[in-house]
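So the chains spell out like this:
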Amino acid sequence: MLDNLNWWEIGALLLLALLIFGDRLPNVINDGLRMVRNLRNMARNATGDLSRELGTDIQLEDLHPKAFIRKHLLSEEDEQAIRKPLQGVYDNLRADVTGVHNELKDVADAADVRGNGRRPGTATGGAPAPAPRPSYDDAT
C-alpha cells in the first residue's frame, strides 16, 4: 500500500499526524485499526455467506465480476470458445507489431543514429556533409 513512499515521506506524514491529533494520536490509531479489523470480518462473513448460498468455495479475490464469472459460471470449454476468436486476432496483432519493431530496428541500424556522424555508405569520409539549410528565422 505504501510502496511508493520513501522514509522521509512516511516520517513527514507521521509528524503531520502528530501535529494534527496531538495526544489523541494513539486513540485515533486504535480506532483506525479497529475499523480495518471490522471491515475484514465483514468481508469474510460476506464471502462465507456467498459460499454457503452458492455451494462453492469463494475467496475474497473471486468477488471481482470477471474472476467470479470465469471461475464459477464458465466451464473450460466455454472459456476456450470465447477466447478462440480473439486469440487469432491477438496473434496477428502481435506478429504485426513484432514486424514493425524489427523494421524500425533495421532502419535505425541503417541510419546509424548513434554513430560518429558518418553515413553507412561512406567508409572513410568520402564526400563532405551537405551544408545546413538556413531556417526561416535566420532569413528574417
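The structure displayed is predicted, hence computed values, not measured ones. (Residues numbered from 1 in each chain as written. Predicted model: local features only at pLDDT ≥ 70, side-chain atom pairs only at ≥ 80, totals over all residues. Heavy atoms only, no water.)

## Quick notes on the pattern of salt bridges
Selection criterion: One side-chain nitrogen of Lys or Arg within 4 Å of one carboxyl oxygen of Asp or Glu is enough to make a salt bridge. Think of it this way: any DSSP run of H or I at least four residues long counts as a helix, any run of E at least two long counts as a strand, and we number them from the N terminus. When accessible area is computed with a 1.4 Å probe and restricted to protein chains, residues below 20% of their type maximum are described as buried, those above 50% as exposed, and intermediate ones as partly exposed.
Inspection of the entire model under this criterion finds 2 salt bridges. With a shortest N-O distance of 2.3 Å, R52 and D49 are connected by a salt bridge. Taken together, the positions of R52 and D49, both in helix 2 (residues 25–54) and 3 residues apart, correspond to about one turn of that helix. On the accessibility criterion, R52 (61% relative accessible area) is exposed.

## Thoughts on a negative patch on the surface
Keep this limit in mind: Two joining distances apply to patches: 9 Å for like charges and 5 Å for nonpolar side chains (Val, Leu, Ile, Met, Phe, Trp, Tyr), and every residue must have over 30% relative accessible area and no salt bridge. Here, Shrake-Rupley sampling with a 1.4 Å probe gives the accessible areas, and only protein chains in the shown set may cover a residue. Only four residue types enter the tally: Lys and Arg on the positive side, Asp and Glu on the negative side; His and the chain ends are excluded. Charged side chains are reduced to one point each, which is NZ for Lys, CZ for Arg, CG for Asp and CD for Glu.
Together, E103, D106, D109 and D112 line one region of the surface with negative charge. Within the secondary structure, E103 sits in helix 4 (residues 76–111). We classify E103 as exposed; its relative accessible area is 55%.

## Points about helix 1 (residues 7–21)
Quick reminder of the rule: Here the expected span of a helix is defined as 1.5 Å times the quantity of residues minus one. Polar contact criterion, stated in full: a pair of N or O atoms within 3.5 Å, where within protein one must be able to donate a hydrogen and the other to accept it, and residues adjacent in sequence count only if both atoms are side-chain atoms.
Given a rise of 1.5 Å per residue, 15 residues ought to cover 21 Å, and the 21 Å separating the end C-alpha atoms of helix 1 matches this to within 8%. Of the residues flanking the start of helix 1, the one acting as N-cap is N6, its side-chain oxygen 3.1 Å from the backbone nitrogen of W8. Downstream of helix 1 by a residue or two, G22 has a phi angle that is positive, lying close to 60°.

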